[in-house]
Amino acid sequence: MTYDESIIEKNDPVLVTGAGGFVGLRLVADLIQRGFRDIRCFVRPTSGIEKLESLAAGRQDSVLQIIKGNLLSKQDCADAVREVKVIYHLAAGTGQKSIPDAFMNSVVTTRNLVEAALEEGCLRRFVNVSSFAVYSNINVSKRGLLDESCPVEPHPEQLTDAYCYAKLKQDELVEEYAKNRGLRHVIVRPGSIFGPGKTQITGRVGIDTFGVFLHIGGGNRIPFTHVDNCADAIALAGLVDGVEGEVFNVVDDDLPTSRDFLRLYKRQVRSFRSFYVPHAVSYVFCKLWEEYSTWSHGQLPPVLNSH
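Conventions we followed
Residues numbered from 1 in each chain as written. Predicted model: local features only at pLDDT ≥ 70, side-chain atom pairs only at ≥ 80, totals over all residues. Heavy atoms only, no water. Helix = DSSP H or I, 4+ residues; strand = E, 2+ residues; numbered from the N terminus. Buried < 20%, exposed > 50% of the residue type's maximum accessible area, 1.4 Å probe, protein only. Contact = heavy atoms within 4.5 Å. Areas by Shrake-Rupley, 256 points an atom, 1.4 Å probe, with all protein chains shown as cover. Salt bridge = Lys/Arg side-chain N within 4 Å of Asp/Glu carboxyl O.

Peer 1: What is the right way to look at the overall build of the protein in this model?
Peer 2: Counting its secondary structure elements, the protein contains eight helices and twelve strands. For the protein, the proportion of its 307 residues judged to be buried stands at 47%. Of all intrachain contacts in the protein linking residues separated by at least 6 positions in sequence, the fraction that spans at least 24 positions is 75%. Roughly 15800 Å² of accessible area belongs to the protein as shown, and the carbon and sulfur atoms make up 50% of that amount.

Peer 1: Can you help me understand unusual backbone geometry in this one?
Peer 2: Across residues other than glycine, the phi torsion is negative in most instances, and most of the peptide bonds are trans. Here the phi dihedral of glutamate 83 falls at roughly 65°; this positive angle occurs in a residue that is not glycine. The topology assignment puts glutamate 83 in the loop between α3 (74-80) and β4 (86-89). Residue classification places glutamate 83 among the partly exposed residues on the basis of a relative accessible area of 49%. A positive phi is found at aspartate 254, a non-glycine position, where the angle reads about 50°.

Peer 1: Can you walk me through the pattern of salt bridges in this structure?
Peer 2: Should their charged atoms come close, side chains of opposite charge can pair. Applying the stated criterion to the full structure yields ten salt bridges. In this structure, arginine 82 engages aspartate 79 in a salt bridge whose closest nitrogen and oxygen atoms are separated by 3.3 Å. For aspartate 79, a relative accessible area of 34% corresponds to the partly exposed category. Measuring nitrogen to oxygen at the nearest pair gives 2.9 Å for the salt bridge that ties arginine 125 to glutamate 244. On the criterion of sequence distance, the pair formed by arginine 125 in strand β5 (residues 125-129) and glutamate 244 in the loop between α6 (227-237) and β11 (247-250) is long-range, its members being 119 residues apart. The class for arginine 125 is buried, based on a relative accessible area of 0%.

Below you can see the structure in the form of structure tokens.
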């Protein structure tokens with residue numbers, strides 16, 4: 001993308017929440033490479049900032065401002081969005097086990113940030129980074145394509161997955177602000193993000209909760225996106241003109257099946273024992289896991305569910 005196609009100037013302030021995270025760090029690096037000179041990196045008070053500080057080292061043309069704060073604080077939000085033209089909202093309650101905690105750390109925080117930005121009155125675009133987890137696969141055929149036209153989960157109130165519930169509500173909140181308050185926004189939904197620094201195998205392939213890796217993905221293609229590709233797509237979502245209100249899924253080309261990925265992972269990363277669980281068996285297993293999680297009030301987190 002050339003400079004002339006951007007909806008903002010290179011000196012305009014840009015805010016990245018969750019800037020110290022796996023994708024956030026790559027997004028900040030991407031914006032620096034694009035020549036943006038006023039990048040505000042919002043991180044939690046307990047977050048390490050060494051990697052962020054190193055990104056701007058030796059670059060005299062970029063100003064990287066690291067802001068430690070809490071998005072549950074309306075004052076922290078107001079301070080962070082002052083004169084900001086584009087907000088990349090990556091911060092989310094990814095480690096929350098209960099729905100109330102996830103709602104507070106993903107939805108309430110988003111509301112505070114949007115309210116502050118609208119009050120400031122400078123915002124050109126709000127990029128809400130969501131997830132593939134919000135989609136429903138109930139009416140998607142076994143070999144069907146999951147794209148932006150597919151429906152999201154129709155009954156989030158019935159979900160036991162706190163992360164999925166919070167992301168659905170976060171997307172709904174952003175769209176309500178767009179409808180009622182004129183929020184100029186784009187929603188980005190990455191698939192399974194991989195790359196250097198991330199060693200955990202996505203649950204779309206399998207799970208090793210019991211000490212033995214259960215391979216449940218079979219021949220399904222995994223919607224992978226490399227972290228650098230994902231960061232680039234998110235950056236463009238905040239800069240390209242004419243995409244207001246759009247939803248973009250982010251996946252790479254030539255996606256491997258779960259079976260192919262697991263074979264390559266064992267060959268190139270580390271070898272371990274795994275057992276393939278057929279789809280019918282895995283569905284029953286996930287359903288039982290989901291029901292037990294509900295019955296136990298979250299003592300066993302709903303890592304796997306029938307959705």
